[in-house]
Structures are given as structure tokens and as C-alpha cells.
Amino acid sequence: MEKPDTSIQTLFDAQKNAVVSRRRFFDYAARRTALDALQAKILAEEDAICAALAADFGKHRSEVMLTEIMPVLVEITHARKHLKRWMRPKRAASGLAFLGTSTKVHPTSKGVALVIAPWNFPFNLAIGPVVSALAAGCSVILKPSELTPATTKLINRMISDIYPPDLVTVVEGGVDVATQLLALPFDHIFFTGSPEVGQIVMKAASKTLATVTLELGGKSPVIVGPDANIKNAARWIAWGRFVNGGQTCVATDHVFVHESVRDAFVTALTAQVEKMYGRNPLSSKDLAQMAHSGQWSRIADLISDAREKGATVLIGGQTDEVTRKVAPTILLDVHDDMEVQQTEIFGPILPIMQYGDLGEVIAKINAAPHPLALYIFGSNKLAGDVISQTTSGNVGVNMSVMVFAHPSAPFGGVGRSGNGGAHGYAGFAAFSHMRQVLRARFFPFHIAFPPYTKMTRRVTKIFHKIVRL
């Protein structure tokens, strides 16, 4: 791995030195001040944020507010409200084995953190982890995506306006810059992106023994049961797939719909897509474009591959290379040798498959890598059966995508879809070391120290009985 250039090394050294010098002083008040400043800056720059996302993605202002700005504001508000309690040392019960001691767990800042953000939600997924890092008392080097230049430049300006570089700083660049950053001995790395790049990040972190949070992705399946509210299912599945042009890590990737409601669901779904984006979606201002030309080509190729291998394009399929737009596309008659079934789609394509036996669906889900999200539309019994027999990072019942935004519950993947938790207390904990402080008042354990006499053997037997109580 190549050495970092001098400017990147200097930034890192400045943050490392600052962490040591201000550790005692970056208390609750200082962290609240840092979060307050970020909140005020976001509110003041809402127009600029919307303009940057429009330039990079063609995203409608309402979609930017809903998916990029509001989740970060919710994160900040939640952290500000609960931070004092999160920071407070928590008493740990000692039990008979540690009679005469008191134990507390102190959340302690890990130190200097690296946040590597993706291109699909370039503001939300860059700033959200910074909120958690600041709440935990960390300094942050943030590398936004080079594929969304307008948003990256805006983030750089916003951060430099409110924070000294030894607290939070932005480093722009591509793979070469990310590689240089990963060579540095960060205390924690927060990466959002593909499983393939996640493996590279984890390998780099192993060389410096940095802890990592990996928010990856995968194919998030949807089950529509025979007792589902079809209108509600169509509404949430369409939005979950096609919001942000389908470029969402927790998007509804593919649907298993029960044979008894398949026709009704397909009818409701097509009507919902038309309601959202009109009969000519390529001209809709509400449909986001593909973030870059490579992404557009990849999605267009997925549609072509499915068509060539016998899929029925129910609606959509149209593409426009100039605007980098792809119409919301619903596929029927898909099978496993199609590319859309083998890779995370990450675009506005939704394959639909019919099922009769729930056991077969569960077997398919379990045979694949654990998804980041699993969505179930139907009764509580159906949801309970699926949840108890599968593994996924998160589960949404009778709704989609919103599992990402909940501030009071941990969000994260499992296995190939990621590891570690984000948002709220889970995000605070990810950037914190939970340090045990054990105090002895009257703790006569020393009577079991060598030399091992007859008396110490008796004492050891007594201790042995105590720990089994």
C-alpha cells in the first residue's frame, strides 16, 4: 500500500496531536457546540445542498429534503437530545465473585476517525457518520465521493466554514486518495459502499488494527403474502425501488409475490409507478438520473441482458444516455441466470417472481448472502415466520427503506451486507471505546495469590463455589 502524501499525513498528524491535547476538554458542552454548529450550517445551506444534488443527480428538491437533509437533521436532533445520557458512565453489577468492588463503564472517544462516503446519497451518507463521530468526541477526516463533484465541493466548503481542520476536515479525491488514507493508523474507519470495496477496507484496517463499521449492501428481498394490503404494498415497494433512481442500498431489490395476489399486485404496482412518474418517466422531474455514465451503462446492460434471456418487460425499459435516465422498469419471467438475479441491481429495475410455497422462498433467501434489509408485506404471523427463519441486517414489515432512518434503533448489515451499527446510540457506540473502570474497596482476592498453600487451595475451592451460584 502506497504511503500517504505529505499533505494527507500532515492533516492526520494534526488531528492525532489535537485529540491528545484536547481529550480532557472535548466534553459534553464542546460536543454539543460542534453538533449545534453543524445543524445551523445545514439549515442555512439547504438551498445550496438541493442545488448541488440537482447538479449531480437531477434530484428533485423534495427528494433531496426527504432523503438527504432530513435524515441528517433527525440524527443531529436525536444526538443532541440524548448525548448527556450516552456519555454518562454506567454502573455494571459486580455479583458475588467481585464482592467489595464497584464497576463503571465509561464511553471514551476512540480518537481519529476516517469516514469514506459513497456517491448514491452523497450528503446524507457523508455527514451522518460525522454526527456520530462528533457525538463520541472523535476527530474526523471525511472523504466524500469523487463521482458527485458538486456535492463534494459543497461539503468541503461547509465543513471548513465551521470546524478547524484538526477536528473535522474533508479530503477530496478518488481511489488513490482513499488508498493513501487507508494506509494511516486511524482509530476507527466508517465505510459505506460495495461489499467488494468493503473487503479492501477491512484488509487495510487489519494492518493498523483499526476498528471498522462497514455499511455495505446486497440484494434486499421482498415478500408479498396472500393476506397483504395490496395497495399499501405497491405504494411502498414502488417508492423503495425507484426513489433516488433506485440507487439505494436498502432498496426493494426483487419481489416474491404469492400466486393468489400476483395479478392484483402487478396491476396496483404499475398504476403506482405511473402515478409517481407519469406515462413518460424519462421526462419526469421527479425521477433521479443515474449518478454517472458508468452507472447508466451498467443499468442499461442489465435490462438488455434480461430481455435477451427471456424476461418480460412489463413497463419501462427506456433509457436516455444524454440525461443518464432509466425509466422505472418492472420485469416478469425472470430466472436465476439473468444478471439482475445475480448482482445487487442498484437501479430502477424491479424483478417480480411468483411463489406458492413460502418455504421455497425462505430457502432461496437463506441460500444467498445475508441481505442488508428484508421486507415483508402481510400478517404478523407471516412476518414472524419469515423473521424467525432468516437472517438479515434489518427487517421492514408493511413498509420499506425507512429502517435506515430510525434514530433510536441500530442500522447495520450482517456478513456480506456489513458489520457494526450506525445511527443514534449505535453510531455513538461505534466511535467510542467502552472502557471498564473497576475499583476495589474491600476485595480480599489476594488471599488466593501464591504461594499455593493448603489455605489458598481451600480459598480457591470457596471461590469456585461462589462463581457457580
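Residues numbered from 1 in each chain as written. Predicted model: local features only at pLDDT ≥ 70, side-chain atom pairs only at ≥ 80, totals over all residues. Heavy atoms only, no water.

Draft legend 1. Region of interest: the sheet that holds strand E18 (residues 432-440). Pairing is antiparallel across the open sheet formed by three strands, whose spatial order is E1-E2-E18. Each edge of the sheet is formed by a strand with only one pairing partner; in this case those strands are strand E1 (90-92) and E18. For this sheet, the mean inter-axis angle between neighbouring strands, taken without regard to orientation, is 30°. Here strand E2 (residues 101-109) runs beside E18; their pairing, made up of nine bridges, is antiparallel. (Pairing = 2+ DSSP bridges. Helix = DSSP H or I, 4+ residues; strand = E, 2+ residues; numbered from the N terminus. Axes fitted to C-alpha atoms, helices over the stretch in contact; angles between N-to-C directions.)

Draft legend 2. Region of interest: empty space enclosed by the protein. Enumeration according to the criterion identifies three cavities of 30 Å³ or more in this entry. In this structure, the largest cavity occupies an estimated 120 Å³ of space. Lining the largest cavity are 14 residues, with Leu-125, Pro-129, Phe-190, Phe-404 and His-423 sitting closest to its centre. Looking at the lining of the largest cavity, the elements that each hand over two or more residues are helix H5 (124-135) and strand E6 (188-192). It is H5 that contributes the most residues to the lining of the largest cavity, five residues altogether. Residue classes in the lining of the largest cavity are distributed as seven nonpolar, five polar and two charged. Within this model, the second largest cavity holds a volume of roughly 40 Å³. Pro-71, Val-72, Glu-75, Asn-124, Gly-128, Phe-404, Ala-405 and His-423 together form the lining of the second largest cavity. Of all the secondary-structure elements, those providing two or more residues to the lining of the second largest cavity are helix H4 (61-87) and H5. (1 Å grid on protein atoms, 1.4 Å probe; cavity = no way out; pocket = protein on both sides within 12 Å on 5 of 7 lines; lining within 4 Å. Points joined across faces, edges and corners; volume = space filled by probe spheres on them. Nonpolar A, V, L, I, M, F, W, Y, C, P; charged D, E, K, R; others polar.)

Draft legend 3. Up close: the packing of helix H2 (residues 28-44) against H5. In contact at an axis separation of 9 Å, H2 and H5 are set at 160° when each is read in the N-to-C sense. In this view, H2 runs roughly antiparallel relative to H5, as classed from their interaxial angle. Where H2 crosses over H5, the handedness of that crossing is left-handed. Contact residues: Arg-31, Ala-34, Leu-35, Leu-38 and Ile-42 in H2; Ile-127, Val-131, Leu-134 and Ala-135 in H5. (Parallel < 35°, antiparallel > 145°, perpendicular 65-115°, else oblique. Left-handed = near helix turned anticlockwise from the far one by under 90°. Contact = heavy atoms within 4.5 Å.)

Draft legend 4. Spotlight on helix H7 (residues 175-182). Residues of H7 that are buried include every one of Val-177, Ala-178, Gln-180, Leu-181 and Leu-182, and no others. Those residues of H7 that are buried are in contact with helix H1 (6-22), strand E3 (112-116), strand E4 (139-143), E6 and helix H8 (195-208). (Buried < 20%, exposed > 50% of the residue type's maximum accessible area, 1.4 Å probe, protein only.)

Draft legend 5. Representation of the pattern of salt bridges. Evaluated as defined, the whole model comprises 17 salt bridges. Residue Arg-262 is joined to Asp-263 by a salt bridge in which the shortest nitrogen-to-oxygen separation is 3.1 Å. Given the relative accessible area of 22%, Arg-262 is considered partly exposed. Assessed through its relative accessible area of 53%, Asp-263 is described here as exposed. (Salt bridge = Lys/Arg side-chain N within 4 Å of Asp/Glu carboxyl O.)

Draft legend 6. Representation of a nonpolar patch on the surface in the model. Taken together, the side chains of Ile-387, Val-395 and Val-397 make up a nonpolar region of the molecular surface, amounting to roughly 190 Å² of accessible area. Position of Val-395 among the secondary structure elements: in strand E16 (residues 394-397). (Patch = residues over 30% accessible without salt bridge, like charges linked within 9 Å, V, L, I, M, F, W, Y side chains within 5 Å. Areas by Shrake-Rupley, 256 points an atom, 1.4 Å probe, with all protein chains shown as cover.)

Draft legend 7. Looking closely at the packing of aromatic side chains. All chains considered together, the criterion is met by 10 aromatic pairs. Between Phe-12 and Phe-186 the ring centres are 5.0 Å apart and the planes differ by 75°, which places this aromatic pair in the edge-to-face class. Of this pair, Phe-12 sits in helix H1 while Phe-186 sits in the loop between H7 and E6, and the two are 174 residues apart along the sequence. When sorted by exposure, Phe-12 lands in the same class as Phe-186, which is buried. (Phe/Tyr/Trp six-rings, centres within 6.5 Å; stacked < 30°, edge-to-face > 60°.)

Draft legend 8. Representation of unusual backbone geometry. A cis amide bond links Pro-450 to the next residue, Pro-451, at an omega of 5°. In this fold, Pro-451 is placed in the loop between E18 and helix H15 (454-467). Backbone geometry places Asp-333, a non-glycine residue, at a positive phi of 60°. By relative accessible area, which is 46% here, Asp-333 ends up partly exposed. Even without glycine at this site, Phe-346 takes up a positive phi of about 55°. Looking at the element boundaries, Phe-346 is found in the loop between strand E13 (329-332) and strand E14 (349-355). Judged by relative accessible area, which is 13%, Phe-346 ranks as buried.

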